[in-house]
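# Remarks on the overall topology
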Amino acid sequence: VGPWITAFAYGTTYFSAGLFIGYAGGLGFSFGLPVVWIAIGNALFGGLLAWVVLAKRTRAMTVHLNSMTMPEFLEARYDSRLIKIVSALIIFVFMIPYSGSVYSGLSFLFVNVLQINYDIALIFMTILTGVYLILGGYFAIALSDFIQGLIMIVGTVLMVSFIFGHSAIGGFSNYLLKMQTIDANLINAFPQGGINLLWLVVLTSLGAWGLPQMVQKFYAIKNERVIRTATIVTTIFCVIIAGAAYLVGSTTTLFGPEIIKMPANAGVFSASPDYVAATQDQAVARKVLGESLKNNTYQNTNLIPQVMQLALPNGLLIIILLLVLSASMSTLSSLVLVSSSAITIDLLKGHFFPDMSKTRSLLVMRLLCGIFILLSLFVAKTGERWPYLVALMSFSWGTVAGAFLAPYIYGLFWRGVTKAGAWAGLVVGAGYSIVTFIWYAIDPVRFGLLKSIAPKVGSIAMLLPLVVVPIVSWLTPKFSQSHIIKVFGSNG
C-alpha cells in the first residue's frame, strides 16, 4: 500500500483507547504537564526513528526472504523452524491481554459518557470487531485506518481547543499558572519521580520497534520510494494524536472539583472529610482524587471520560467517541489479524499442514480471529473488576516486544548474530516479563505494587535482550557463510 495509508495504518494501530483512557488519564493526573514527554518519545522514537531505521531494511529483507510475518522472518533469518513456532504462540497468547485492555478501555468510555452497561458495550465492540475484520483483510483494514486517522486528527484538535477553553482552565497560560499554584512539580520539565516517567517513555516508544502488528506495516509498503513520505506523515500524526491525548490527560487535576461534584461520583467522595473543600478548591480536590485513586475507590479510567462530559458539548462528544472508537478499532483489527495469521501461516500451514490451500487458510484464519476476539472479551470482562489497565498493557507490550525486539533488530543489521543469541534474547525478554508478573500477581501485598512497577518491568524486558543477544552471539558458533549470503545476499 502507498505512503499515506501505510502511515495512517501505523499511527492508528499505535494509539488506542488504552492511550486515551488508561495512560493519558491516570498518568496525566500523576505527572501533570511532564507527561507530554511520553508523547515526544512516541513521536521521535516510536514514529520517526522507527521508520528511518527499520522501514527500508525491513521491507528489503522480508521481500528477499519471502516472509510475511515476524515468525516467518525469524525462521528464515535464524534457520530455525522451532523459533517460528514459539514466536507464533507468543504472539497469539500475549496479544490477548493487550487486546482485552483495549476493549476494556473503550467500554469504560461508553459506560461513562453514554451510561451504557459495561457488558453491553463489550458485546457491541466484540461483534463490531468481528464483522469489521472477518469480512475484510489487510487492505480493507489499512484503507479504513486512513479514514479513522482523519477522524482522530479532527477530533483531537477540537478536543484540545474545547477543554483548554473551559472555565476550569481558561487557556494555556492560565493552565500553567493554576498547575504551578497547586504543585510546581506539575509543570517541572524534570519532575520528582521522573525515573518512572522515563520507563513509560521507553516502554511505549521503543516497544513499537518490537511489536509484530507495528513492524508488519513495513512489510506491506508498496516500494521504497514511499518511505520518505510515510515517515513524515507518521511523525506528524504521532505528534498530534499522542500530544493531544497526554496534554488533555494533564488537565484532569484542574477539573478535580467538577469531577468530585458529579452525581455519578457522590458515593465515592462524599464520605471524605475534605469533600466540601474539594468541590471548591483544585488543590484539595487533587488530594482527595489522589487518595481515591490510590485505594481504588475511584478508577483512573473514569478521568478522561468524565472530563469530556464536563467540557465538551454533546455534538463534539459524539465525535470524540468516534475518535476513540476509531483508534481502538484499528488497533484491535491489527492485533487480531497479526495473531490469527501467526497461528495459521506460521504454525499450521508452516509446520503441520504445509499443503493447506489458500481457501482453507483464510477459513482457518477467520475462525482464529473469532477465537482471539472471544478470549480478549474474557480478559476485558475480568478487567471490569481489575482497574490496572496500564499494568495489563505494559505486561503485554513487555512480553511480546521483549521477545522480538533484539532478535529482530540485530537480525536486520548484524551478520554476526547467532541462532543461540537470538534464542537467548527471546527467552530472556519474554521470560523476565512473565516471571516478574507472576511473582507480583501471586502475592496480595506485591500485587498492589503491580500498577507502579509494570512499565519498568516491561522496559527492562525489552532492554535486557539488547545486551544478552550480542554477548551470547560472541560466545556461540556462527552461521555458515552460505547461510549469511542466503539471508543478506552477496552485497547485503
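Quick caveat: nothing in here was measured; it's all calculated off a predicted structure. (Residues numbered from 1 in each chain as written. Predicted model: local features only at pLDDT ≥ 70, side-chain atom pairs only at ≥ 80, totals over all residues. Heavy atoms only, no water.)

## Quick look at the overall build of the protein
A tally of helices and strands in the protein yields 23 helices and zero strands. Its C-alpha atoms give the protein a radius of gyration of 23 Å, near enough to 23 Å, the size a compact globule of 492 residues would have. Going through the 492 residues of the protein one by one, you find that 61% of them count as buried. Taking all contacts inside the protein whose residues are at least 6 apart in sequence as the whole, residues at least 24 apart take part in 85%. Put simply, the protein shows about 18900 Å² of open surface, and 69% of that area lies on carbon and sulfur atoms. (Helix = DSSP H or I, 4+ residues; strand = E, 2+ residues; numbered from the N terminus. Rg over C-alpha atoms; globule rule 2.2 N^0.38 Å. Buried < 20%, exposed > 50% of the residue type's maximum accessible area, 1.4 Å probe, protein only. Contact = heavy atoms within 4.5 Å. Areas by Shrake-Rupley, 256 points an atom, 1.4 Å probe, with all protein chains shown as cover.)

## Some points on the nonpolar core
Ranked by size, the top nonpolar core spans 151 residues in total, and within it Phe15, Phe20, Ile163, Phe218, Tyr246, Phe404 and Tyr408 carry the most contacts. For this core, the element with the most residues is helix 5 (residues 81-114), which contributes 15 residues. Here tyrosine 408 is in contact with Leu54, Thr58, Met70, Phe73, Leu74, Trp209, Val215 and Phe218, once residues within four sequence places are set aside. (Core = buried A, V, L, I, M, F, W, Y, C linked by side-chain atoms within 4.5 Å.)

## Looking at the packing of helix 1 (residues 3-14) against helix 10 (residues 212-219)
At a minimum axis separation of 10 Å, helix 1 and helix 10 run at an interaxial angle of 180 degrees. The angle between helix 1 and helix 10 falls in the class roughly antiparallel. Across the interface between the two elements, Thr6, Ala9, Tyr10, Thr13 and Tyr14 of helix 1 pack against Gln213, Met214, Lys217 and Phe218 of helix 10. When its residues are assigned to classes, the contact of helix 1 with helix 10 shows five nonpolar, three polar and one charged. (Axes fitted to C-alpha atoms, helices over the stretch in contact; angles between N-to-C directions. Parallel < 35°, antiparallel > 145°, perpendicular 65-115°, else oblique. Nonpolar A, V, L, I, M, F, W, Y, C, P; charged D, E, K, R; others polar.)

## Remarks on the side chain of threonine 279
Among the secondary structure elements, threonine 279 is positioned in the loop between helix 14 (275-278) and helix 15 (282-294). Setting aside chain neighbours within four positions, we find threonine 279 in contact with Pro257, Ile260 and Lys261.

## Let's talk about the packing of aromatic side chains
For the structure on display, the rule yields 16 aromatic pairs. Relative to phenylalanine 395, the ring of phenylalanine 94 has its centre 6.0 Å away and its plane inclined at 80 degrees; by these criteria the two rings are edge-to-face. Within this pair, whereas phenylalanine 94 is found in helix 5, its partner phenylalanine 395 is found in helix 19 (residues 389-413), the two being separated by 301 residues in sequence. One exposure class covers both phenylalanine 94 and phenylalanine 395, and it is buried. (Phe/Tyr/Trp six-rings, centres within 6.5 Å; stacked < 30°, edge-to-face > 60°.)

## Here we look at the pattern of salt bridges
All chains considered together, the criterion is met by four salt bridges. The partner of lysine 84 in a salt bridge is glutamate 75, and the shortest N-O contact between them spans 3.2 Å. Both residues of the pair, lysine 84 and glutamate 75, belong to the buried class. Ionic pairing is found between aspartate 274 and lysine 287, a salt bridge with its closest N-O pair at 3.4 Å. Taken together, the residues aspartate 274 in the loop between helix 13 (266-269) and helix 14 and lysine 287 in helix 15 connect sequence positions 13 residues apart. Looking at aspartate 274, the relative accessible area reads 23%, which means it is partly exposed. A relative accessible area of 46% places lysine 287 in the partly exposed class. One salt-bridge network, held together by shared partners, links Glu75, Arg81 and Lys84. (Salt bridge = Lys/Arg side-chain N within 4 Å of Asp/Glu carboxyl O.)

## Quick notes on helix 3 (residues 36-65)
Of all the bends in helix 3, the largest measures some 50 degrees and sits at alanine 50. Asparagine 66 lies just past helix 3 and shows a positive phi near 55 degrees. (Bend = angle between axes of the 7 residues up to and from the residue.)

## Here's the deal with the packing of helix 3 against helix 4 (residues 70-78)
Orientation of helix 3 relative to helix 4, taken along the N-to-C sense of each, is 75 degrees, at an axis distance of 10 Å. Considering their axes alone, helix 3 and helix 4 lie roughly perpendicular with respect to each other. Mapping the contact onto sequence places Met61, Thr62 and Leu65 in helix 3 and Phe73, Ala76 and Arg77 in helix 4. Partitioned by chemical class, the residues of the contact of helix 3 with helix 4 number four nonpolar, one polar and one charged.

## Quick notes on the environment of valine 131
With respect to the helices and strands, valine 131 occurs in helix 6 (residues 118-134). Residue class for valine 131 comes out partly exposed when judged on its relative accessible area of 48%. The spacing of valine 131 and tyrosine 98 is 33 residues in sequence and 20 Å in space, taken between C-alpha atoms.

## A few points about unusual backbone geometry
Although it is not a glycine, asparagine 66 sits at a positive phi angle of roughly 55 degrees. By the element assignment, asparagine 66 lies in the loop between helix 3 and helix 4. A relative accessible area of 66% places asparagine 66 in the exposed class. Despite not being glycine, aspartate 79 has its phi angle at roughly 50 degrees, a positive value. The partly exposed category is assigned to aspartate 79, whose relative accessible area is 48%.

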